Amino acid sequence: MKIQEGLYYSVEHEWLRVEDDKAYVGITDFAQQHLGDIVFVELPELDEAVEAGGQIGVIESVKAVSSMFSPVSGTIIEVNEELENAPELLNEDPYGQHIAVIKMNNTADLDGLLNETQYSELCEKEEQGGE
Amino acid sequence: MPKLLIEKNVPGSNAFALPPCDLNMSPLEDSIPSQFLRQDAPRIPELSEVEAVRHYTELSHRAYGVDDGLYPLGSCTMKYNPKINEWAARLPGFAHVHPYQPARTVQGCLQLMSETEKMLCEIAGMDRFTLQPAAGAHGEMTGAMIIKAYHTHHQDHKRTKMLIPDSAHGTNPATTNVVGYKVVELKSNADGLIDLDDLRAKMDDEVAGLMLTNPNTLGLFEKDIDEIAKIVHGGGGLLYYDGANLNAIMGVARPGDMGFDIVHVNLHKTFSTPHGGGGPGSGPVGVKAFLADYLPMPLIKKEGEEYSLDYDRPLSIGRVRSFYGNFGVIVKAYAYILALGSEGIRDACEQAVLNANYLRIKLRDDYHIPFDRLCKHEFVATSRKQMEESHISTLDIAKRLMDYGYHPPTVYFPLIVKEALMVEPTETESRERLDDFIAAMQNIAQESRKTPDIVLSAPHSTVIKRIDEVQAARNPIVRW
């Protein structure tokens, strides 16, 4: 399982790449492995305002339907439309494919996120833990 | 694959002949404008009667139902459908009435509906029931609409959120979404139950209610239900009971006594009427007295000895279905409840719980059981051992079960358990049947160790082998 350096991570298994006040959001390798083959992605609407922790999309795999949450608050300024016709891209290249770009309005949101070491520990715990 | 009817078409083979028409025929164009008339004849397949009968008989041999064998689908209560229920529903006084008949000419039907309502009230601990909703999810939607109507009527417009545990059936968030609520997920704790701290943190004056299945989808009873009810009611919310797992407590405990305000029951699960394609379903919704005014209308009213349909209900959310619900299904459930009586209802519940625990204990050596303690009517196993030994997943085990002649259990649900395999035997099954199923599961565990390929490539005995589910979901071909 891959964890990329230089990204922020959420406990909901999303990654965040920050460029100035823009945040690229996607799902991690851990997330795509556990979801299994992804067959449908419902993207957020452009210009939609999102809260940290608010839902920004739905990811459907053969096993389950999962909500995707925004790790930061702000406005959706771009969505990755390619995923609508090729949801498998999230399986093939989870860190290369963002789901949306959020223009952040509160960079303090980033303080609550994990770095790669913390995220790696979380994944390890989840892999072994739980009943 | 068998050919489709349209592929079996043999022009001229229709097995009927109409007598010559003795009416004066006028051209269709005289009565229907020509732009609305089709130019070509519809492609209706022509087959002789015997070939049509054989077609459907062949298809019926490929179906699997509770009449074929164990159907251990979890959170589904696939119990036997007693055949006497079918007799009852086909009685001419029930089968041949018309919904527009005046009430005084269908007193028997109304009496049956009224008595079914009373019996459901007694079983669920509620004060009134509507029999209209056509299935479980429809009942949930009706319940959510009642919650909304209640808060709206009390000028409480801030409540826009519904609390739903992460172990819930997918229909809970789906139906509340349809009604316009925002879903807020509640976390389960390490025991597989609602995390009370999480509930306390999320319960505020924007929460309309909590939808809860008890026992939950892990087959575990929410033992803190008293405290849960206190927290929700204390915050001004209502407590909704998803009746999918009512079979696990019926005759023993009642949602109404646990503090639930609204409940839906599935007649096609708990009360033995056919399920799925053999349905239709029926999802009556019951409420405590303070919510009765919001129930869909009409309700059945009894004055003296006369039954009537009561439409004078100004606070009602209105109709949720045409006419009075799936009436034939209600007749079957009525017959079932009367046949069992109050002792039989309790006995069915106890047998269902005993059967589930018997399976759980017999399977625990071969399969990982994440919450391995006294369960109610169902339990969750996983393929963790098989996964570690030979990369065999729950899906592989489910497919292999088909080779042993069983319908697979519910898989990959609840979502909070990895590789979940959820088994609900119901009270219907005998010890001998359960032992056969246990033997099949033990064999599969052994195969997983010794000859994993046979499991990984299952099923081998079915008409259609392993389906490419990914391809089917990504590129569905939905028309012929």
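Residues numbered from 1 in each chain as written. Chains lettered and ligands numbered in written order. Predicted model: local features only at pLDDT ≥ 70, side-chain atom pairs only at ≥ 80, totals over all residues. Heavy atoms only, no water.

Here we look at helix H9 (residues 327–363) of chain B
Step number 1: Taking 1.5 Å of rise per residue, the 37 residues of H9(B) would be expected to cover 54 Å, yet its terminal C-alpha atoms sit only 41 Å apart, more than 12% below that figure.
Step number 2: Along H9(B), the sharpest change in direction is near 95 degrees and occurs at Gly341(B). (Helix = DSSP H or I, 4+ residues; strand = E, 2+ residues; numbered from the N terminus. Expected span 1.5 Å × (residues − 1). Bend = angle between axes of the 7 residues up to and from the residue.)

Section: empty space enclosed by the protein
Residue and element names in this part refer to chain B.
Step number 1: Scanning all chains against the criterion turns up 2 cavities of 30 Å³ or more.
Step number 2: For the largest cavity, the calculated volume is near 100 Å³.
Step number 3: Every residue along the wall of the largest cavity is listed here: Met113, Glu117, Phe129, Thr130, Leu131, Gln132, Pro298, Leu299, Ile300, Leu309 and Tyr324.
Step number 4: Of all the elements in the fold, those that place two or more residues in the lining of the largest cavity are helix H4 (107–124), strand S1 (128–130) and strand S8 (299–303).
Step number 5: If you add up the space inside the second largest cavity, you get close to 30 Å³.
Step number 6: For the second largest cavity, the full set of lining residues is Leu218, Ile369, Phe371, Cys375, Phe379 and Val380.
Step number 7: Class assignment for the residues of the lining of the second largest cavity results in 6 nonpolar, no polar and no charged. (1 Å grid on protein atoms, 1.4 Å probe; cavity = no way out; pocket = protein on both sides within 12 Å on 5 of 7 lines; lining within 4 Å. Points joined across faces, edges and corners; volume = space filled by probe spheres on them. Nonpolar A, V, L, I, M, F, W, Y, C, P; charged D, E, K, R; others polar.)

Considerations on the packing of aromatic side chains
Step number 1: A complete count under the given rule lists 11 aromatic pairs over all chains for this structure.
Step number 2: The interplanar angle of 40 degrees and the centroid separation of 6.3 Å between the aromatic rings of Trp15(A) and Tyr95(A) together place this pair among those described as tilted. Here Tyr95(A) lies in the loop between helix H3 (89–92) and strand S9 (100–104) and Trp15(A) lies in strand S2 (residues 14–19), a separation of 80 residues in the sequence.
Step number 3: Three or more aromatic residues joined by ring pairs form one cluster here, namely Tyr9(A), Trp15(A), Tyr95(A) and Tyr119(A).
Step number 4: The ring of Tyr24(A) is capped by Arg17(A), whose NZ or CZ atom sits 4.4 Å from the centre of that ring.
Step number 5: One cation-aromatic arrangement involves Lys148(B) over Tyr181(B); the distance from NZ or CZ to the ring centre is 5.5 Å. (Phe/Tyr/Trp six-rings, centres within 6.5 Å; stacked < 30°, edge-to-face > 60°. Lys NZ or Arg CZ within 6 Å of the ring centre and 35° of its normal.)

As for the side chain of His268(B)
All names here are of chain B.
Step number 1: Summarising the element assignment, His268 is placed in the loop between strand S6 (262–264) and strand S7 (285–287).
Step number 2: Within the structure, His268 has its side chain in polar contact with the backbone nitrogen of Ser282 (distance 3.0 Å).
Step number 3: Ignoring sequence-local partners within four residues, the contact set of His268 consists of Thr77, Ala135, Gly136, Thr273, Pro274, His275, Gly281 and Ser282. (Polar contact = N/O pair within 3.5 Å; in protein donor to acceptor, adjacent residues only side chain to side chain. Contact = heavy atoms within 4.5 Å.)

Quick word on helix H5 (residues 136–153) of chain B
All names here are of chain B.
Step number 1: Its 18 residues place the ends of H5 25 Å apart at the C-alpha level, agreeing with the 26 Å of an ideal helix rising 1.5 Å per residue.
Step number 2: Residues of H5 that are buried sit in contact with strand S2 (161–165), helix H6 (171–179), strand S4 (207–213), strand S5 (238–242), S6 and S7.
Step number 3: Taken from the residues just after H5, Gln155 is the one with a positive phi, measuring 60 degrees.

Digging into the domain arrangement of chain B
Residue and element names in this part refer to chain B.
Step number 1: Looking at the assigned domains, one finds that chain B contains domain 1 (83–340) and domain 2 (341–470).
Step number 2: Of note, the centres of domain 1 and domain 2, computed from C-alpha atoms alone, are 30 Å apart.
Step number 3: Contacts between domain 1 and domain 2 engage 30 residues on the former and 26 residues on the latter.
Step number 4: With both chains or domains summed, domain 1 and domain 2 bury close to 2,000 Å², and 64% of this area falls on carbon and sulfur atoms.
Step number 5: Contact with domain 2 buries surface across domain 1, with Leu218, Asn247 and Leu340 losing the most and accounting together for 28% of the total.
Step number 6: At the surface where domain 1 touches domain 2, the tally comes to 0 salt bridges.
Step number 7: Our count for the domain 1 to domain 2 interface comes out at 9 residue pairs in polar contact (both at pLDDT 80 or more). (Domains from an automatic or database assignment. Buried area = accessible area lost by both parts, 1.4 Å probe. Salt bridge = Lys/Arg side-chain N within 4 Å of Asp/Glu carboxyl O.)

Details of the layout of surface pockets
Residue and element names in this part refer to chain B.
Step number 1: Computed from the structure, the second largest pocket encloses a volume of approximately 650 Å³.
Step number 2: Among the elements that make up the lining of the second largest pocket, the one with the highest residue count is helix H11 (residues 394–403) (4 residues).
Step number 3: In terms of residue class, the lining of the second largest pocket is built from 15 nonpolar, 5 polar and 5 charged.

Topic: the pattern of salt bridges
All names here are of chain B.
Step number 1: As enumerated under the stated definition, the model contains 31 salt bridges over all chains in all.
Step number 2: Note that Lys79 and Glu427 form a salt bridge whose closest N and O atoms lie 2.8 Å from each other. Here Lys79, found in the loop between helix H1 (49–61) and helix H2 (83–89), pairs with Glu427, found in the loop between strand S12 (420–423) and helix H12 (431–450); they are 348 residues apart in sequence, far enough to count as distant. Residues Lys79 and Glu427 agree in their burial class; the two are buried.
Step number 3: Salt bridges sharing common partners tie together Glu86, Arg90 and Lys332. (Buried < 20%, exposed > 50% of the residue type's maximum accessible area, 1.4 Å probe, protein only.)

Structural notes on the interface of chain B and chain A
Step number 1: Chain B puts 15 residues into the contact, and the matching count from chain A is 16 residues.
Step number 2: Scanning the region where chain B abuts chain A turns up 2 salt bridges.
Step number 3: Across the pair Lys63(A) and Glu419(B) runs a salt bridge whose closest N-O atoms are separated by 3.5 Å.
Step number 4: Inspection of the chain B/chain A interface yields 4 residue pairs in polar contact (both at pLDDT 80 or more).
Step number 5: Looking at the side of chain B that touches chain A residue by residue, the class counts come to 7 nonpolar, 1 polar and 7 charged.

Looking at the packing of H9(B) against H12(B)
Residues and elements named next belong to chain B.
Step number 1: Relative to each other, H9 and H12 sit at 30 degrees, their axes nearing to 10 Å. Here H9 lies roughly parallel to H12, going by the angle between them. For the pair H9 and H12, the sense of crossing is right-handed. Where H9 abuts H12, its residues Asn355, Tyr358, Leu359, Lys362 and Leu363 lie against Arg431, Leu434, Asp435, Phe437, Ile438, Met441 and Gln442.
Step number 2: Residue classes in the contact of H9 with H12 are distributed as 7 nonpolar, 2 polar and 3 charged. (Axes fitted to C-alpha atoms, helices over the stretch in contact; angles between N-to-C directions. Parallel < 35°, antiparallel > 145°, perpendicular 65-115°, else oblique. Left-handed = near helix turned anticlockwise from the far one by under 90°.)

Some details on the environment of Leu363(B)
Residue and element names in this part refer to chain B.
Step number 1: Looking at the secondary structure, you find Leu363 in helix H9.
Step number 2: Distance from Leu363 to Val10, taken between C-alpha atoms, is 53 Å for residues 353 residues apart in sequence.
Step number 3: Apart from residues lying up to four places away in sequence, Leu363 is in contact with Phe379, Phe437, Ile438 and Met441.

Regarding the sheet that holds strand S7 (residues 65–69) of chain A
Residue and element names in this part refer to chain A.
Step number 1: On the basis of which strands lie adjacent, the open sheet formed by 3 strands has the order S4-S6-S7 and antiparallel pairing. Of all the strands in the sheet, the pair left with one neighbour each is strand S4 (38–42) and S7. Neighbour-to-neighbour, the strand axes of the sheet open up by a mean angle of 25 degrees, direction not taken into account. (Pairing = 2+ DSSP bridges.)

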